[in-house]
Amino acid sequence: MLQQATGQVYTRMKVESAARALVFMLQLVSGARISEVLNVRSQDIVNSQQVIIRGLKGSRDRLITLLFESDYLKMCYITKRQPFAGLDRFKMYRFYKRYGIVLRTKSGTNNKVTHRLRYDYILKIQSFTHNIDSTADLVGHKSTHSTSHYLSNLNKIKHKVKQ
């Protein structure tokens, strides 16, 4: 159900903006921070399906493979165009809110919008690996302390996605 809803959201986003839809997809499949995705440059594009995410905050670089080929990514690779020029985290925040991609704390304060996909990814990886070291490595955390923080915060948050 979530995969189908995600596909529908991505399709609607792609009509509006290929660049923003690609940011969404890269965050979805990698759990990368919004700033890491927005910092992708043309030289970080390996091909129409792979991107190197440069780790920030002392985290490691990661090679991300999309589940499909992206025409937009291919065009950026060929023309050496910066894929996310003109986008910033505030624009993505408003864009995600429009599509209902929000985490709300139980109290209703401190909404997490651009971090929603990172929380989802960490939870998904942890449920598969059951190993905090592996999860920390896959999301680029330099220590398991950060990963533990995310997992403990998930109990305080309720997910909200528009269908």
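Above this text is the structure in question.
First, a word on scope: everything that follows refers to the structure included in this document. Nothing here was measured: the structure is a model prediction, and the numbers come from that model.

### Considering the pairing of strand 3 (residues 62-65)
Side chains of strand 3 alternate between two faces, with R62 and I64 buried and L63 and T65 left unburied. Alignment of strand 2 (residues 50-53) against strand 3, held across four bridges, turns out to be antiparallel. Paired with V51 across the strands is I64, a residue of strand 3.

### Here's the deal with the packing of aromatic side chains
Within this structure, the stated rule accounts for two aromatic pairs. Here F24 and Y96 contribute two aromatic rings whose centre-to-centre distance is 6.2 Å and whose plane-to-plane angle is 80°, an arrangement assigned as edge-to-face. Of the two residues, F24 is situated in helix 2 (residues 18-30) and Y96 in helix 5 (residues 89-98); the sequence distance between them amounts to 72 residues. We classify F24 as buried; its relative accessible area is 3%. A relative accessible area of 0% places Y96 in the buried class. Ring centres of F95 and Y99 lie 5.2 Å apart, and the angle between their planes is 65°; this geometry places the pair in the edge-to-face category. There is no split in this pair, since F95 and Y99 are both buried.

Parameters and conventions
- Residues numbered from 1 in each chain as written.
- Predicted model: local features only at pLDDT ≥ 70, side-chain atom pairs only at ≥ 80, totals over all residues.
- Heavy atoms only, no water.
- Buried < 20%, exposed > 50% of the residue type's maximum accessible area, 1.4 Å probe, protein only.
- Helix = DSSP H or I, 4+ residues; strand = E, 2+ residues; numbered from the N terminus.
- Pairing = 2+ DSSP bridges.
- Phe/Tyr/Trp six-rings, centres within 6.5 Å; stacked < 30°, edge-to-face > 60°.

Function cannot be inferred from these measures alone, as they are strictly geometric.
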